[in-house]
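# Coordinate inspection notes
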Amino acid sequence: MLNSWFRFWWYWLIIVTSGVIIFSLSLLIAPGFMQNFFDAMFFSTIPAHTNFSNEAYTYIKFLYGLLGAVMIGWSVALFYILWQPFRHEKIEGWFSMLTSVVAWFSIDTSFSLASGFWQNAVLNVAFFILFMIPLAATYTAFKNKKIDSNIYE
């Protein structure tokens, strides 16, 4: 049985991961709305995409769908990690969450900054903080655990 503070942080991670899924689904089912969101975020104007050709705009909507699908796949993996090893306080669960979030954040944020889209890096920082607060808070529950060697057999 999870103690109450651990359960709070575990639910926090479930909610943040659910938020990633909702964001990802919106890329798939509401690409026009998301285009307006990114237009406002990147270009400070909502109809910025009207400057693109129809082919370019269609391709952008396709890429949003692809991005949404990949993010949903990542989130499903995070849900499994949270539901199994993390919830059972196995160190593999904590490290899997940490390395996955740090890898995404490092690569996505570096690419965003190198591409000149600092606004996306700011959005990444918000999600990163939402993941890292509960990971930092639950570290003590995991720090003295040993890796379960049976999972590799």
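Model, not experiment: these values are computed from the prediction. Throughout this description, residue numbers start from 1 for each chain and increase along the sequence as written. Per-residue local features of the predicted model are confined to residues with pLDDT of at least 70, and side-chain atom pairs are confined, for both listing and counting, to 80 or more; whole-chain, interface and lining totals are unaffected and use all residues. Based on all heavy atoms of the structure, the side-chain values leave hydrogens and waters out of the count.

### Some remarks on the overall build of the protein
Applicable threshold: Each helix is a run of H or I in the DSSP string that is no shorter than four residues. Each strand is a run of E no shorter than two, and both are numbered from the N terminus. When accessible area is computed with a 1.4 Å probe and restricted to protein chains, residues below 20% of their type maximum are described as buried, those above 50% as exposed, and intermediate ones as partly exposed. Should any heavy atoms of two residues lie within 4.5 Å, those residues are counted as being in contact. Here, Shrake-Rupley sampling with a 1.4 Å probe gives the accessible areas, and only protein chains in the shown set may cover a residue. Only four residue types enter the charge count, namely Lys and Arg as positive and Asp and Glu as negative; His and the chain termini do not. All charge positions are set by atom: Lys at NZ, Arg at CZ, Asp at CG, Glu at CD.
Within the protein, the regular secondary structure consists of five helices and zero strands. Helices (α) and strands (β) of the protein occur, in sequence order from the N terminus, as α-α-α-α-α. For the C-alpha atoms alone, the extent of the protein along its principal axes is close to 55 × 25 × 25 Å. Across the 153 residues of the protein, 40% fall into the buried class. Put simply, 71% of the contacts in the protein that link residues at least 6 apart link residues at least 24 apart. Accessible area for the protein stands at about 9,000 Å²; split by element, carbon and sulfur atoms hold 70% of it. Positive and negative charge centroids in the protein, built from 7 and 7 side chains respectively, lie 14 Å apart.

### Remarks on the nonpolar core
Here is the rule: Residues belong to one nonpolar core when they are buried, are Ala, Val, Leu, Ile, Met, Phe, Trp, Tyr or Cys, and are joined through side-chain atoms within 4.5 Å.
One finds Phe86, Met97 and Phe131 to be the most contacted residues of the largest nonpolar core, which totals 33 residues. Listed by contribution, the elements that provide at least two residues to this core are α1 (4-29), α2 (31-43), α3 (54-86), α4 (91-114) and α5 (118-142). Ignoring sequence-local partners within four residues, the contact set of phenylalanine 131 consists of Leu13, Val16, Thr17, Val20, Leu78, Met97 and Val101.

### Considering the packing of aromatic side chains
Put simply, the rule reads: For this analysis, a ring pair means two rings from Phe, Tyr or Trp (six-membered ring only for Trp) whose centres lie within 6.5 Å, classed as stacked if their planes differ by under 30 degrees, edge-to-face if by over 60, and tilted for the remaining angles.
Counted by the stated rule, this structure contains 18 aromatic pairs. Ring geometry for tyrosine 59 versus phenylalanine 62: centroids 6.0 Å apart, planes at 35°, classification tilted. Here tyrosine 59 and its partner phenylalanine 62 are both found in helix α3, three residues apart, which amounts to about one turn of the helix. Residue class for phenylalanine 62 comes out partly exposed when judged on its relative accessible area of 46%.

### Topic: the packing of α1 against α3
Counted only if it meets this: Between N-to-C directions, angles cover 0 to 180 degrees, with each direction set by a line fitted to C-alpha atoms, over the stretch in contact for helices. The labels follow the angle: roughly parallel below 35 degrees, roughly antiparallel above 145, roughly perpendicular from 65 to 115, and oblique for the rest. If you view the pair so one helix is near and one far, a crossing is left-handed when the near helix is turned anticlockwise from the far one by less than a right angle, and right-handed when it is turned clockwise.
Here α1 crosses α3 at 160°, and the two axes come no closer than 7 Å. If you check the angle between α1 and α3, you find them roughly antiparallel. In this structure, α1 crosses over α3, and the sense of that crossing is left-handed.

### Topic: a nonpolar patch on the surface
Using the following cut-off: Residues with no salt bridge and a relative accessible area higher than 30% make up the patches, which join like charges within 9 Å and nonpolar side chains (Val, Leu, Ile, Met, Phe, Trp, Tyr) within 5 Å. Here, a salt bridge means any Lys or Arg side-chain nitrogen found within 4 Å of an Asp or Glu carboxyl oxygen.
There is a patch of nonpolar side chains on the surface, built from Tyr59, Phe62, Leu63 and Leu66 and spanning about 400 Å² of accessible area. Mapped onto the elements, leucine 66 comes out in helix α3. A relative accessible area of 43% means that leucine 66 is categorised as partly exposed.

### With respect to the confidence of the model for the protein
Regions with low pLDDT should not have their predicted coordinates read in detail. For clarity, the threshold we go by: Residue-level confidence of the predictor is what pLDDT reports, using numbers from 0 through 100.
Overall, the predicted model of the protein reaches an average pLDDT of 89, with 91% of residues at or above 70. Between the elements of the protein, mean pLDDT differs from a low of 79, seen in α2, to a high of 97, seen in α4.

### Let's talk about the environment of serine 106
The residue serine 106 is located in helix α4 in this model. A residue is classified by how much of its surface remains accessible, and serine 106, at 35% relative accessible area, is partly exposed. Along the sequence, serine 106 and phenylalanine 117 sit eleven residues apart, while their C-alpha atoms lie 14 Å from each other.

### Side note on the layout of surface pockets
Test applied: Lining residues are defined by having an atom within 4 Å of a point belonging to a cavity or pocket. Those points lie on a 1 Å grid over the protein atoms alone, cavities being sets where a 1.4 Å probe fits but cannot get out and pockets being open sets with protein on both sides within 12 Å along at least five of seven lines. Grid points are joined across faces, edges and corners, and a volume is the space filled by probe spheres set on the points. Classes in brief: Ala, Val, Leu, Ile, Met, Phe, Trp, Tyr, Cys and Pro nonpolar; Asp, Glu, Lys and Arg charged; the others, Gly included, polar.
In this structure, the largest pocket encloses a volume near 860 Å³. Lining the largest pocket are 27 residues, with Phe38, Leu67, Asp108, Ser112 and Asn120 positioned closest to its centre. Elements with a contribution of two residues or more to the lining of the largest pocket: α1, α2, α3, α4 and α5. Looking at side-chain class alone, the lining of the largest pocket contains 19 nonpolar, six polar and two charged residues.

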